[in-house]
Structures are given as C-alpha cells and as structure tokens.
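What follows is the residue order along each chain.
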Amino acid sequence: MRAWTVATPGDALRLRDVPAPTPHGGGVLVDVLAAHVPAYTKRVVTGDRGGLPVPLILGPSCVGRVTAVAPDVFHVAPGDIVVDTALLDAGGGDEILVGWVGLGGSGAGGERTDRMRALWRDGVFADQALCAKETVVALPGADAYPDPARLAFLPWLCIAASGLHTAGPLAGRDVAVIGATGQLGGAAVLLALAEGAATVTAVGRRRAALDRLTRLSPRVRTHRLTGDRATDAAGIGPVDVALDTLGATPTADATMAAYDSLRGRGTLVLVGGVRHDLTIPYGDLMHRRLTVRGSWMSDNATVSTVWNLVRSGLLDLAAIELLTVGLDDPAAALDLAERTTGLGFVALVP
C-alpha cells in the first residue's frame, strides 16, 4: 500500500510503498476514508514540535471503514465507520499520540510510553491503517453521511469540545474563544454555538477571519486583539467561559486578558500551545472564585457526543471549507495545509 513516511529525524515526508498492516492483538484494521492534515504538520516533520518515533507512517487521526479486527476486539466490526483518535491511554498518566508527536501526563515520557510507541508507532496517512482498539470509536449512521471527508475534522471538534466541557454546560452562558481564527479555535466556535451558548466572542488578529465567523450566527460577536491587556479584556468580556486555543505567542498577554474578562465564578480553559508561564493573582482568583483548567486531547465519550451533534444537524459541517488532497504529493499537501486555517482544513483522501 501507499503511505506518507518519515524514515529518520529531519527526513522529509515521503510517499512510499510499504507492506499492508495485518491485525494483531488489540488491533483494528481500517481503510482510511479521510484524515485531517493539521496546519502545523510541516513543523512536526521538521522536528519543531518535538521528536517523532521514527521510522513511522505519519498521521494522528482519521475516519475509516473497518475491514478486520483482532479476536479480542468487540466494540466495532467489519463494515463500521469509525474515528481513530490516535490517543492511546495506558492509565497512570501514560498516554501517546500514535503516529504523531506529543505525550500526555507530564509530557516527559518514559520506559512505558517507549514500549507503547514501539508497538503502536504507525499513523494513518496511508491507504490503510492498523489502529489500537482503545483509539477507535464507532460512528453509528455515518455510512449515510453525504460527505465523509468532512468527518475528518471530527477529532479537532472533539478536542475543542473536551476543553469547553470542563467548564460545565454551555447553554445560556457567554463564551469567548481566544485564537478563534485558527483551526482549533474555529472548531470551538462551532461547538459552543451547537451546544447553546448565549453568545460566542471570537477573539483573534485576522479581521477577515473574524468577519467570516460572524456570518455563522447572530450570537457570534468578535474582538480583534490589540496587544494591550486591559483593552483586550474589556473587549472580550464579561464572559462565563474563556477557552484559550492560541499557539506560540510572543507574550501571554492575550491569555491573561481572557482571564481578566471572566465574570465571578468563571472558568478559563487552556487547550492551546502558549509557551509562557501565567502569573495568576492569588487573591483575585480566590475572591472571584475563578477556575483555571487544562485540557489535552479528548476522550471517546466526547467523540460520541460530537458525532450526535453532527448527526442530528445541530452542528453543520457545511460551515467548514474542505480542501482535499491525495497521497501523490506530500510536500504540496503540507504547503497547502500550512496556508489553511480558521474554518478551512485539508483532508487527505487516499
């Protein structure tokens, strides 16, 4: 079969013919229908986002059709449409993202995560993929979904949903999404609207992308970041929930402006890639009874919740601009993904 592979540290992503995988204990074999190519995939390949367990087939998540299962797999069967989330959790804080960078818990890894990566190394940018049963969630009724490639965005919607859910039910509450002009932020805006937020304040720097988000619903308002913490806090809030989806930033001012924008008993949720420490004022946090939460990736229950929102029509994926690529030219696909953000995404359709 054909696959996008990385052979050595610093190697380019290359299309190669590789042996087709065969099921082993705990494995689910799928034909890959579509896989999201994140905007930062080129940085992953170059090592800018951490070390890959090379050699490997790249790719963190996909939608696929099950073709075979190991004897100890009971929750899915051949013919099922499933999402592979890539998140393999061994308990005790030991988690890996199969076919990708990133470790859960402390993020440091160890002997146990090394063994996990040795057995479950290869990802899903390929014609077929062998997935760990723990990372596979069935999508009942997805065989009737008219545009399967759009379902490749489900894992990102689930990451956004997991972050938002840590703050409790969203219905009737005011929500802000910091970094709303990125892919994860755009997903969070869609989720907050689908789950009944009274208002969703989309916060970012790109005016055109913010204007596009306002067309989703009259409940969307926007704030364009100025770089001044006090001005930005006033423009964002007051809100009950602020979800920070920002990537690497020069300072933490935008994140702290989100903190400042919270009403009493509000919640700040961190799901992004800010690389700065946050200076949280002890007395303010205590007296206003605020909560600061971290959220990383998603769980299988959230996948089912998000799929039900899509299946019921409450979450319309038609709002997302879908760009598709094939396996033939990985370099061009990575360039396209790097240029695509907000409510657009690139799906690999083998």
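Below is a short write-up of the structure. Here the residue numbering is sequential within each chain, running from 1 through the sequence in written order. Since the coordinates come from a predicted model, pLDDT governs what is reported: local features require at least 70, and pairs of side-chain atoms require 80 or more to be given and counted, while whole-chain, interface and lining totals use all residues. Working from all heavy atoms in the structure, the side-chain values ignore hydrogens and water.

1. What about the sheet that holds strand S1 (residues 2-6)?
The rule for pairing is simple: two strands pair if DSSP sees at least two bridges between them. Secondary structure follows DSSP: runs of H or I at least 4 residues long count as helices, runs of E at least 2 residues long count as strands, and numbering of each begins at the N terminus. The strand order S2-S1-S4 describes an open sheet built from 3 strands, whose pairing is antiparallel. Two strands close off the open sheet at either side, each with one partner strand: strand S2 (14-17) and strand S4 (56-57). Sheet analysis places S1 next to S4, joined by 2 bridges and oriented antiparallel. Looking at S4, one finds that valine 6 is bridged to leucine 56.

2. A closer look at the nonpolar core
Core analysis: the largest hydrophobic core is formed by 91 residues, its most contacted members being Trp4, Leu151, Leu157 and Leu315. The element contributing the most residues to this core is helix H4 (residues 183-194), with 9 residues. Buried Ala, Val, Leu, Ile, Met, Phe, Trp, Tyr and Cys residues that are joined via side-chain atoms within 4.5 Å together make up what is termed a nonpolar core. Note on classification: 1.4 Å probe, protein chains only; a residue is buried when its accessible area is under 20% of the maximum for its type, exposed when over 50%, partly exposed between these limits. Judged by nonpolar contacts, the second largest core, of 17 residues, contains Ala176, Ile178, Ala233 and Met256.

3. Quick word on the sheet that holds strand S11 (residues 174-178)
In a beta sheet, neighbouring strands are held together by backbone hydrogen bonds and run either parallel or antiparallel to one another. Read from one edge of the open sheet, 6 strands run S13-S12-S11-S14-S15-S16, paired in parallel fashion. The strands lining the two open edges of the sheet, one partner per strand, are strand S13 (220-224) and strand S16 (291-294). Looking at each pair of strands side by side, their axes are set apart by 20 degrees on average, direction ignored. In the sheet, strand S15 (residues 262-270) pairs with S16 via 4 bridges, with the strands oriented parallel. If you follow leucine 268 over to S16, its bridge partner there is valine 292. Where helix H5 (residues 207-214) meets the sheet, its contacts fall on strand S12 (199-204) and S13, and the angle it forms with S13 comes to roughly 170 degrees. Between N-to-C directions, angles span 0 to 180 degrees; the directions come from axes that are lines fitted to C-alpha atoms, helices contributing only their stretch in contact. Residue contacts are counted whenever heavy atoms from the two residues lie within 4.5 Å of one another.

4. What about the packing of aromatic side chains?
Whether two aromatic rings pair depends on their centres lying within 6.5 Å, for rings of Phe, Tyr and Trp, where Trp uses its six-membered ring; planes under 30 degrees apart make the pair stacked, over 60 edge-to-face, and the rest tilted. Using the criterion set out here, one finds 5 aromatic pairs in the structure. On the basis of an interplanar angle of 65 degrees and a centroid distance of 5.9 Å, the ring pair of tyrosine 40 and tryptophan 100 is categorised as edge-to-face. Note that tyrosine 40 is positioned in the loop between strand S3 (27-37) and helix H1 (41-46) and tryptophan 100 in the loop between strand S8 (95-97) and helix H2 (111-119), a separation of 60 residues in sequence. In this structure tryptophan 100 comes out as buried when scored by relative accessible area, which is 3%. Look at tyrosine 145 and tryptophan 307: their rings are 6.2 Å apart centre to centre, the planes differ by 65 degrees, and that puts the pair in the edge-to-face class. A residue pair is termed long-range when its members are at least 10 positions apart, and tyrosine 145 in the loop between strand S10 (136-138) and helix H3 (154-165) and tryptophan 307 in helix H9 (residues 300-312) qualify at 162 residues.

5. Looking at the packing of H3 against H4
Between H3 and H4, whose axes approach to 8 Å, the crossing angle comes to 65 degrees. Taken as a pair, H3 and H4 cross one another with a handedness that is right-handed. Each of Trp156, Leu157, Ile159, Ala160, Ala161 and Leu164 in H3 lies in contact with H4, whose residues at this interface are Gln183, Leu184, Ala187, Ala188, Leu190, Leu191 and Ala192. Charged residues are taken to be Asp, Glu, Lys and Arg, nonpolar residues to be Ala, Val, Leu, Ile, Met, Phe, Trp, Tyr, Cys and Pro, and polar residues to be all remaining types, Gly included. The residue inventory of the contact of H3 with H4, partitioned by class, reads 12 nonpolar, 1 polar and no charged. Each crossing is labelled by how the near helix is turned from the far one, with a counterclockwise turn of less than a right angle marking it left-handed and a clockwise turn marking it right-handed.

6. What to know about the pattern of salt bridges
Pairing between side chains becomes possible if they bear opposite charge and their charged atoms approach one another. Salt bridge, as used here: a side-chain nitrogen of Lys or Arg that lies within 4 Å of a carboxyl oxygen of Asp or Glu. Counted under the stated rule, the structure contains 16 salt bridges. Linking arginine 115 and glutamate 111 is a salt bridge whose minimum nitrogen-to-oxygen distance equals 2.6 Å. In this pair, arginine 115 and glutamate 111 are both assigned in helix H2, 4 residues apart and thus about one turn of the helix distant. In this structure, arginine 115 and glutamate 111 share a single accessibility class: exposed. One network of salt bridges, in which partners are shared, links Arg2, Asp127 and Asp328.

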